[in-house]
Amino acid sequence: MVQTASGGYMTRSVSAASKASGSPDSPTASSASYQTPTTGSKSSQGGKRGGGGGSSGSSQAIDWQRVTLGFFCTVLWMLFSSALIILNKHLYRMGFEHPCFVTGMGQVFSAMGGYAYVKAGFTTLRPMPPAHTWVTRLAPIIASTAATMFFGNAAYLTLSVAFIQILKAFTPALTLVLCVLAGLERPQWPLALSVLLIAGGTASAVLVERGTASFHMGGFLHFMASSITEAARVVGAEVLLGAQRFNSAEALVYIGGPAAAVLLLMSAVQEGAQIWGQAPGAPGPGGPWLLGYGTGALLVQHPAPFLAAFTMSFLVNLSCFFAIQYTSSLTFKVAGCVKNVAVVWYGVVMHNEVVSPLQMVGYFVSVIGFAMYSRLKLAVKKHKRQHPKKTQ
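Residues numbered from 1 in each chain as written. Predicted model: local features only at pLDDT ≥ 70, side-chain atom pairs only at ≥ 80, totals over all residues. Heavy atoms only, no water.

**Q** Even after reading the chapter, I still don't get the overall build of the chain, so can you show me in this structure?
**A** Secondary structure assignment for the chain yields 16 helices and two strands. For the chain, the proportion of its 392 residues judged to be buried stands at 49%. Restricting to contacts in the chain with at least 6 residues of sequence separation, those with at least 24 account for 82%. As displayed, the chain offers around 17,900 Å² of accessible surface, 68% of which is attributable to carbon and sulfur atoms. (Helix = DSSP H or I, 4+ residues; strand = E, 2+ residues; numbered from the N terminus. Buried < 20%, exposed > 50% of the residue type's maximum accessible area, 1.4 Å probe, protein only. Contact = heavy atoms within 4.5 Å. Areas by Shrake-Rupley, 256 points an atom, 1.4 Å probe, with all protein chains shown as cover.)

**Q** Sorry, what's going on with the side chain of Ser160 here?
**A** Relative to the helices and strands, Ser160 resides in the loop between helix 5 (131-155) and helix 6 (161-167). Since its relative accessible area comes to 16%, Ser160 is described here as buried. Polar side-chain contacts of Ser160 include one of 3.1 Å to the backbone nitrogen of Phe163. (Polar contact = N/O pair within 3.5 Å; in protein donor to acceptor, adjacent residues only side chain to side chain.)

**Q** Help me understand a nonpolar patch on the surface in this model?
**A** A surface patch of nonpolar side chains, about 340 Å² in accessible area, is lined by Ile62, Trp64 and Val67. Within the secondary structure, Val67 sits in helix 3 (residues 64-93). (Patch = residues over 30% accessible without salt bridge, like charges linked within 9 Å, V, L, I, M, F, W, Y side chains within 5 Å. Salt bridge = Lys/Arg side-chain N within 4 Å of Asp/Glu carboxyl O.)

**Q** Would you take a moment to explain the pattern of salt bridges for this structure?
**A** For side chains of opposite charge, pairing can occur when their charged atoms come near one another. Counting across every chain of the model gives three salt bridges. Between Glu250 and Arg126 there is a salt bridge, with its nearest N and O atoms 2.5 Å apart. Highlighted residues: Glu250 in helix 10 (residues 248-270) and Arg126 in the loop between helix 4 (99-119) and helix 5, separated in sequence by 124 residues. For Glu250, a relative accessible area of 0% translates into the label buried. Its salt-bridge partner being Arg233, residue Glu230 comes within 2.9 Å of it at the nearest N-O pair.

**Q** Help me out: how do you make sense of unusual backbone geometry in this one?
**A** With the exception of glycine, most residues fall at negative phi, and the peptide bonds are largely trans. One non-glycine residue, Asn352, adopts positive backbone phi at about 55°. Inspection of the secondary structure puts Asn352 in the loop between helix 14 (329-351) and helix 15 (357-386). Judged by its relative accessible area of 64%, Asn352 falls in the exposed class.

**Q** For this particular structure, what's the right way to read the nonpolar core?
**A** Side chains of nonpolar character tend, in soluble globular proteins, to be buried together. Within the largest apolar cluster, 44 residues are counted, with the highest numbers of intra-cluster contacts made by Trp77, Phe96, Leu167 and Phe310. The set of elements that each furnish at least two residues to this core consists of helix 3, helix 4, helix 6, helix 9 (217-241), helix 10, helix 13 (303-326) and helix 14. Among the elements that take part in this core, helix 13 stands out by supplying twelve residues, more than any other. Apart from residues lying up to four places away in sequence, Phe96 is in contact with Leu91, Phe101, Val102, Ile275, Thr295, Gly296, Leu298, Leu299 and Phe306. (Core = buried A, V, L, I, M, F, W, Y, C linked by side-chain atoms within 4.5 Å.)

**Q** How should the confidence of the model for the chain be read in this particular structure?
**A** In low-pLDDT segments, the atomic positions of the prediction should not be examined closely. Within the chain, residue pLDDT values average 76, and 76% of them lie at 70 or more. Taking the mean pLDDT of every element in the chain, the minimum, 35, falls on strand 2 (residues 9-10) and the maximum, 93, on helix 4. Low pLDDT, under 50, characterises residues 1-24; the stretch is placed with 98 contacts to residues that sit more than four places away or in other chains. Contacts for the low-pLDDT stretch residues 29-59, under 50 throughout, to residues beyond four places or in other chains number 42 contacts. (pLDDT = per-residue confidence, 0-100.)

**Q** Looking at this model, I keep getting lost on the environment of Thr229. Mind explaining?
**A** As for its position among the elements, Thr229 is in helix 9. For Thr229, a relative accessible area of 16% translates into the label buried. Sequence separation between Thr229 and Ile141 is 88 residues; the distance between their C-alpha atoms is 9.6 Å. In contact with Thr229, not counting residues within four places along its chain, are Ser144, Ala147, Thr148 and Phe151.

**Q** Got a minute to help me understand the packing of helix 3 against helix 13 in this structure?
**A** Packed helix pairs are specified by the crossing angle of their axes together with the interaxial distance, meaning the distance between the axes. Here helix 3 crosses helix 13 at 150°, and the two axes come no closer than 8 Å. In terms of orientation, helix 3 and helix 13 fall into the roughly antiparallel class. Taken as a pair, helix 3 and helix 13 cross one another with a handedness that is left-handed. Looking at the contact of helix 3 with helix 13 residue by residue, the classes come out as 20 nonpolar, eight polar and one charged. (Axes fitted to C-alpha atoms, helices over the stretch in contact; angles between N-to-C directions. Parallel < 35°, antiparallel > 145°, perpendicular 65-115°, else oblique. Left-handed = near helix turned anticlockwise from the far one by under 90°. Nonpolar A, V, L, I, M, F, W, Y, C, P; charged D, E, K, R; others polar.)

Here it is, written out as structure tokens:
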């Protein structure tokens, strides 16, 4: 997010992170997906300096340092994002089935990490946006971010990890539909074909899963709600916040912090009685001094997995930001697909989750549609850069 000349703040959403990282397992992936203009300008200037003094061919030489950094950051994001899914699912399997609290604390750690990142001198934190911007522009983004996190993590309470990774392929299609409805995209038959492939592949996987004992309609509806709110977040950021952007720390602090407050307030209302417990014979829920009577006792008895999950939230956001900064959006989307496939196999191997051959076929049909969608979007961006006057 950049402060405009009039004092307002605006942000450009990066759909590359949407559902590659803007998934429910990535707490503020939407926020972390914003790139700072200063970083981009430095890299472009560096490229010019590297090519200066030589032929035009040398200016197109591969920047191996950037490639190495991009590969390293992308691998880190894949590892951290997968670890966060596994850690959160582990907390739910332990009996701490409170997605509002888990995601809210993840956002607290992310906001704290972003602020510490600023204090360490790695980036800057510009002044807070004015109240009018908070109410009219940021509040809908914060609300959709919190809703995405809650619904997405609630799905993990009843659905298998493997099945959820298959469902994630559907979100880009839903995002594209909302973009068309909002006038941000022109309906074109190649994009429509990619959406049909994504939707058809996902639908076939759902139909197969629905006939099994592990299918839970409530969990499926939770995930679909997370897909809708995630798509609304991406489109809303584009419509409400325009073409300017947050840096990584600002996104974590100015979006992650308020989202944490919303989630923890929801947790206090919906989950508080279960977390704090009730003393024997007491008329109502207890408090911190009665922690041993509720599921919150797990926080005291097993603090390590909780701290690991909350810290991992910050690491996912940070690595997501740098991965997008040093790689192309297409590369990052492909990495997201590879990560999802790896997590599917983790669920199958480590937790004996069942994925039928027909489900895998449906998933790969969705991936093909997703690849078509990504290539078409990349071609449109290149055309706009090469012919700016024609696209205005």
